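As a plain string of letters, each chain reads:
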Protein chains: 2
Amino acid sequence: MTGYGVTPLPGLPARVTICEVGPRDGLQNEAALLPVEVKAEFVERLVDAGHSVVETTSFVHPKWVPQLADAEQLLQRLTLADGVRYPVLVPNERGLDRALALGVRDIAVFASATETFARRNLNRTVDESLAMFAPVVERGRREDLRVRAYLSMCFGDPWEGEVPVAQVVGVAQRLMAMGCTELSLGDTIGVATPGRVTALLDTLTAAGIATADLAVHFHDTYGQALANTLAALQRGVTTVDASAGGLGGCPYAKSATGNLATEDLLWQLAGLGIETGVDLGRLVETSVWMAERLGRPSPSRTVTALAGTIKGENQ
Amino acid sequence: MTGYGVTPLPGLPARVTICEVGPRDGLQNEAALLPVEVKAEFVERLVDAGHSVVETTSFVHPKWVPQLADAEQLLQRLTLADGVRYPVLVPNERGLDRALALGVRDIAVFASATETFARRNLNRTVDESLAMFAPVVERGRREDLRVRAYLSMCFGDPWEGEVPVAQVVGVAQRLMAMGCTELSLGDTIGVATPGRVTALLDTLTAAGIATADLAVHFHDTYGQALANTLAALQRGVTTVDASAGGLGGCPYAKSATGNLATEDLLWQLAGLGIETGVDLGRLVETSVWMAERLGRPSPSRTVTALAGTIKGENQ
């Protein structure tokens, strides 16, 4: 796949599911407001590249996320492929109504491990936000939807500093007890290092949360995302969130770098012989295309290294 | 150190020596020709930040590396600190004469694991280049110098693709048999992934080369350097090469990103509780200062994230 061979590392999973968050988590944090047809093409290109999970949009109120105000139009425009999941972010029951009306089968809620971020991002305490999500999760499960829970600030918080593992595990357990089917552990400001990742995963599994229900969501703000991913794979995690071309990030982090780029992740997984089903070349092509739409180059190291090759192929 | 706590990962070394290669490997691959007083200040700032090994310059002919044509002037200008090593690159006996005349106590030779890169970089076959280094290493050892051997293209080569492990081990054994005291394994084009790192280290130690004599030298071209570093630490490697601010890179790689940034490495090591003696804040300050001299921002994620903070502290 990369032309430099495959050497497995003993003890890692044979297959990883990438949860591609570019169209939602990525575009939500970009300044540009893209036309709905560009977003639809983006989602379709990601599926064509082999992605089986593409987080598509958000039903958060457009006042808060104007970038995704066209959620309905986008979903109506898409031809959904068989065997592909298109989760959408749903903050409350009103959002769930809108999602269900459009035939959505995968939803996600967005919780915080810290009080400060809950207040800043959700304008609620942690307890209040969980109370808001509870009926969404319950009804979602009754409708047989998959319900992913994002848990942000699992490692560090810009206002609170280091976030205690026990605090993260406490919120995680409440989300799983509520009925969430997957928990995505977010390093929202990218400060985690591998020892902390391992310690959190070990504590969560000791608390009864199955590794199969866990995903990791690393940001590359300090360049740590892939080393942290390796630590998570070594603990058996098989779902990794990433954003095509490294789109987006956290608007509260000081740096311009954000989400782990899917291409950088793919380079690692391909070299390790871990199956993902995603084609690196087609994904780089998509990120080069998206960078042109956004008017700025991708921050992904792999996209930067391969973009010349891809352009050459298209000429 | 980073404000987000320390969580060790069992099995990693307690202390790592960073071989800071910014002034040589970094500046050699930058387009700018800096005045000798800026280079001297750079080396002194790196030592002040706590570095114990700073690769200072090169005695390669100025025709090939005009950036480091002032090697003599730089060494004469520096006040060498006690307990700090200042290795210099020495390609041949003529270079060794110049280095010894200036009181150099640490030298490095630069070999290639592949024939194509040996020819392109050294204008010699692998055999011819080893024959050129042999008298340098022998006389260096007689003079009781430390002699580091760089071995480039240990993982992939842009012309040859994947480089067989056995080929790398063969050249490595010849360098160690020659009397080199340290072997730095270079991923010159940044294509390695962690399984390959582990396999190479295991094969080298099985072939009788002590882990204590090995260093790793990763490039971040595809964003893999820190994950590869983690794999190397897990195999007991305690010397890691890095370049302040991510200066430099390989001129033959297609991408602008090159050496692993020392700051990104330090963020990882600090979070893991691994001692290095190097102060992250002072190093970021130095890289921000150097970026101003070079007229372009540092490619380091950590420098980018922290630069605002540092500037604020200086105002």
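Residues numbered from 1 in each chain as written. Chains lettered and ligands numbered in written order. Predicted model: local features only at pLDDT ≥ 70, side-chain atom pairs only at ≥ 80, totals over all residues. Heavy atoms only, no water.

1. Here we look at the overall build of chain A
- The secondary structure content of chain A amounts to twelve helices and eleven strands.
- Its C-alpha atoms give chain A a radius of gyration of 18 Å, near enough to 20 Å, the size a compact globule of 315 residues would have.
- Expressed as lengths along the three principal axes of its C-alpha atoms, the size of chain A is roughly 55 × 45 × 35 Å.
- The proportion of buried residues among the 315 residues of chain A is 62%.
- Expressed as a percentage of contacts within chain A between residues at least 6 apart in sequence, the contacts between residues at least 24 apart total 77%. (Helix = DSSP H or I, 4+ residues; strand = E, 2+ residues; numbered from the N terminus. Rg over C-alpha atoms; globule rule 2.2 N^0.38 Å. Buried < 20%, exposed > 50% of the residue type's maximum accessible area, 1.4 Å probe, protein only. Contact = heavy atoms within 4.5 Å.)

2. Brief notes about the nonpolar core
- Ranked by internal contacts, the top residues of the largest apolar core, which has 222 residues, are Leu 151 of chain A together with Leu 151 of chain B.
- For Leu 151 of chain A, the contacting residues outside a window of four places in its chain are Ala 111, Ser 112, Ala 113, Val 168, Val 171, Ala 172, Leu 175, Leu 183, Ser 184, Leu 185 and Gly 186 of chain A. (Core = buried A, V, L, I, M, F, W, Y, C linked by side-chain atoms within 4.5 Å.)

3. Notes on the packing of aromatic side chains
Residue and element names in this part refer to chain A.
- Taken as a whole and assessed by the stated rule, the structure comprises ten aromatic pairs over all chains.
- Summarising the aromatic geometry, the rings of Phe 110 and Tyr 150 are spaced 5.9 Å apart at their centres and angled 45 degrees between planes, so their arrangement reads as tilted. Of this pair, Phe 110 sits in strand 5 (residues 106-112) while Tyr 150 sits in strand 6 (residues 146-152); the two residues are 40 residues apart in sequence, bridging distant segments of the chain. Neither residue differs from the other here; Phe 110 and Tyr 150 are each classed as buried. (Phe/Tyr/Trp six-rings, centres within 6.5 Å; stacked < 30°, edge-to-face > 60°.)

4. Concerning the environment of Asn 259 of chain A
Residue and element names in this part refer to chain A.
- With respect to the helices and strands, the residue Asn 259 is situated in the loop between strand 11 (239-242) and helix 10 (262-271).
- In this structure Asn 259 comes out as buried when scored by relative accessible area, which is 4%.
- Along the primary structure Asn 259 and Val 21 are separated by 238 residues, whereas in three dimensions their C-alpha atoms are 8.8 Å apart.
- A polar side-chain atom of Asn 259 sits 2.9 Å from a polar atom in the side chain of His 219.
- There is a polar contact of 3.1 Å between the side chain of Asn 259 and the backbone oxygen of Leu 247. (Polar contact = N/O pair within 3.5 Å; in protein donor to acceptor, adjacent residues only side chain to side chain.)

5. Observations concerning the relation of the copies chain B and chain A
- Note on the copies: chain B fits chain A at an RMSD of 0.0 Å, the axial shift is 0.0 Å, and the rotation between them is 180 degrees. Here the transformation between the copies is reduced to the relation of a two-fold axis. In terms of proximity to the rotation axis, the leading residue of chain B is Ala 227 of chain B, whose C-alpha is 1.9 Å off the axis.
- Comparing interface residues between copies, 100% of those in chain B also lie at the interface in chain A; the contact surface is shared. (Least-squares fit on C-alpha atoms with pLDDT ≥ 70 in both.)

6. Things to note about the pairing of strand 6 of chain A
Residue and element names in this part refer to chain A.
- Of all seven residues that make up strand 6, six are buried, and the element is covered over most of its length.
- Here strand 5 pairs with strand 6 via seven bridges, running parallel. Along strand 6, the bridge assignment pairs Ala 108 with Arg 148.
- The pairing of strand 6 with strand 9 (residues 182-187) spans four bridges and is parallel. Across the sheet, Tyr 150 pairs through a bridge with Ser 184, a residue of strand 9. (Pairing = 2+ DSSP bridges.)

7. Describing unusual backbone geometry
All names here are of chain B.
- The backbone of Asn 123 sits at a positive phi, close to 60 degrees, despite the residue not being glycine.
- In this structure, Asn 123 sits in the loop between helix 5 (115-122) and helix 6 (126-142).
- The phi torsion at Asp 144 lies on the positive side, around 65 degrees, for a residue other than glycine.
- Among the structural elements, Asp 144 can be located in the loop between helix 6 and strand 6 (146-152).
- For Asp 144, a relative accessible area of 56% corresponds to the exposed category.

8. Concerning the packing of helix 6 of chain B against helix 7 (residues 165-177) of chain B
Residues and elements named next belong to chain B.
- Between helix 6 and helix 7, whose axes approach to 11 Å, the crossing angle comes to 15 degrees. Overall, the two elements helix 6 and helix 7 adopt an arrangement that is roughly parallel. Both helix 6 and helix 7 take part in a crossing whose hand is right-handed. Of the residues in helix 7, those touching helix 6 at Val 126, Asp 127 and Leu 130 are Val 171, Arg 174 and Leu 175.
- Considered class by class, the residues forming the contact of helix 6 with helix 7 number four nonpolar, no polar and two charged. (Axes fitted to C-alpha atoms, helices over the stretch in contact; angles between N-to-C directions. Parallel < 35°, antiparallel > 145°, perpendicular 65-115°, else oblique. Left-handed = near helix turned anticlockwise from the far one by under 90°. Nonpolar A, V, L, I, M, F, W, Y, C, P; charged D, E, K, R; others polar.)

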